[in-house]
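Summary of structural features
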Amino acid sequence: LDAQTQKEIKELAASKGIKIVGTGVYVAEKSSDWEKMFKFAKAMDLEFITCEPALSDWDLVEKLSKQYNIKISVHNHPQPSDYWKPENLLKAISGRSQSLGSCSDVGHWRREGLNQIDCLKQLKGRIISLHFKDIAPKKAGENEQHDVIWGTGILDVKGMLKELKSQNFKGVFSIEYEYNWENSVPDIKECIQYFNKTANEIL
C-alpha cells in the first residue's frame, strides 16, 4: 500500500475505535522481500506479522524482528507446511529471540490429528496470537471439518481458554470463521458471546 492509503486505513480504523495489530498470513517469495514487509508493518504500527518463514530465512527474520521491534507469529498451515506441528516451530526458534513465536491455529492442529490443547501446552511462552475457532466433527466421506460457533464443536473451547489462562497468555485472539460466508456476522457474534461468558466463568 502507498503511504496515502496506509494513512487513510489507519484513520478509518481509528474513527471506529479499531486498532490494527497484525497482518498475514505472509509468505515471502524471496528473502529480500522481508525488509519490505517489516517496513510496512512499522509504518502501520503493527505489533506482529503472521507468517510462515522459509527455514533458511530465520537468521534474517530474527534480525529484522529485533531491528523493527515487530514480533513474528508463525502460522501452522496443514502439511506440507514446515510448521504443521509445534515441534517443528520450536526446533526452528529454539535459542532465538522471544519475539518469535506461534500464531496457533487450533483447528488446523485437530484436522491434522493433533490434540489442540497438548499443542498449546507445548508452545507455552511462545504463543503470540491465535487463529481461534471451533470445528465440526469429521463425517464419513467428507474431508472438511468446517468452522462452527464456539462451544458447539469438538475443540473444547473452554478447555483451551483454561490452558491459555494457566499460561497467563496476553496476546491476540483472531476469530477465524470460514463458514456461512454470506451471513457470518450473527455466528461471529455468538462466538464473542460464548467467549465472554466462558472467560467470566474461568476468571
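Heads up: the structure comes first, above all this text.
Scanning the protein chain for helices and strands turns up 8 helices and 8 strands. Its C-alpha atoms give the protein chain a radius of gyration of 17 Å, within 12% of the compact-globule value 17 Å for 203 residues. For the protein chain, the residues scored as buried account for 44% of the 203 residues in total. Look at the contacts in the protein chain between residues 6 or more apart in sequence, and 69% of them connect residues 24 or more apart. Summed over its atoms, the accessible surface of the protein chain is roughly 11,200 Å², and 50% of this surface lies on carbon and sulfur atoms. Across the protein chain, the mean location of the 28 positive side-chain charges is 6 Å away from that of the 29 negative side-chain charges.

The complete set of buried residues in helix H7 (residues 157-166) reads Val157, Gly159, Met160, Leu161, Glu163 and Leu164. Next to the buried residues of H7 lie helix H5 (106-111), helix H6 (116-122), strand S5 (127-132), strand S6 (134-135), strand S8 (172-175) and helix H8 (185-202). The first or second residue beyond H7 is Asn168, which carries a positive phi of 60°.

Let's shift gears to the nonpolar core. What tends to happen in soluble globular proteins is that the nonpolar side chains get buried as a cluster. In terms of nonpolar packing, the biggest core is built from 43 residues, with Trp34, Ile49, Trp58, Ile72 and Phe132 touching the most fellow members. Non-local contacts of Ile49, meaning those with residues more than four positions away in its chain, are made with Thr23, Tyr26, Met37, Phe38, Ala41, Ile70, Lys71, Ile72 and Ser73.

By the burial criterion, the buried members of helix H2 (residues 33-43) are Asp33, Trp34, Met37, Phe38 and Ala41. The buried residues of H2 occupy an angular sector of 135° when the element is viewed end-on, so they sit on one face. Those residues of H2 that are buried lie in contact with strand S1 (22-26), strand S2 (48-51), helix H3 (58-68) and strand S3 (71-75). Backbone geometry just downstream of H2 places Asp45 in the positive-phi region, at approximately 60°.

The 6 strands are arranged S1-S2-S3-S4-S5-S8 in an open sheet whose pairing can be described as parallel. Two strands bound the open sheet, and with one partner strand each, they are S1 and S8. With strand direction ignored, the average angle separating the axes of adjacent strands in the sheet is 25°. Both strand S4 (residues 100-105) and S5 contribute to a ladder of 4 bridges, which runs parallel. Within the sheet, the bridge partner assigned to Ser102 lies in S5 and is Ile127.

Attention now moves to the state of the cysteines. Per the stated rule, a full pass over the model turns up 0 disulfides. For the unlinked cysteine Cys103, the closest cysteine sulfur is that of Cys51, found at 9.1 Å. Cys103 gets classed as buried once you look at its relative accessible area, which sits at 1%. No disulfide involves Cys191; its sulfur sits 17 Å from that of Cys103, the nearest cysteine.

Attention shifts here to the side chain of Asp187. Along the chain, the position of Asp187 falls in helix H8. Notably, Asp187 is buried but unbridged: the nearest opposite-charge side chain belongs to Lys189, and the N-O separation is 11 Å. Side-chain polar atoms of Asp187 contact the side chain of Tyr177, separated by 3.0 Å. Every residue in contact with Asp187, bar those within four places of it in the chain, is listed here: Ile149, Tyr177 and Asn180.

Rules used in this analysis
Residues numbered from 1 in each chain as written. Predicted model: local features only at pLDDT ≥ 70, side-chain atom pairs only at ≥ 80, totals over all residues. Heavy atoms only, no water. Helix = DSSP H or I, 4+ residues; strand = E, 2+ residues; numbered from the N terminus. Rg over C-alpha atoms; globule rule 2.2 N^0.38 Å. Buried < 20%, exposed > 50% of the residue type's maximum accessible area, 1.4 Å probe, protein only. Contact = heavy atoms within 4.5 Å. Areas by Shrake-Rupley, 256 points an atom, 1.4 Å probe, with all protein chains shown as cover. Lys, Arg positive; Asp, Glu negative; His and termini not counted. Charge placed at Lys NZ, Arg CZ, Asp CG, Glu CD. Core = buried A, V, L, I, M, F, W, Y, C linked by side-chain atoms within 4.5 Å. Arc of directions from axis to C-beta. Pairing = 2+ DSSP bridges. Axes fitted to C-alpha atoms, helices over the stretch in contact; angles between N-to-C directions. Disulfide = S-S within 2.5 Å. Salt bridge = Lys/Arg side-chain N within 4 Å of Asp/Glu carboxyl O. Polar contact = N/O pair within 3.5 Å; in protein donor to acceptor, adjacent residues only side chain to side chain.

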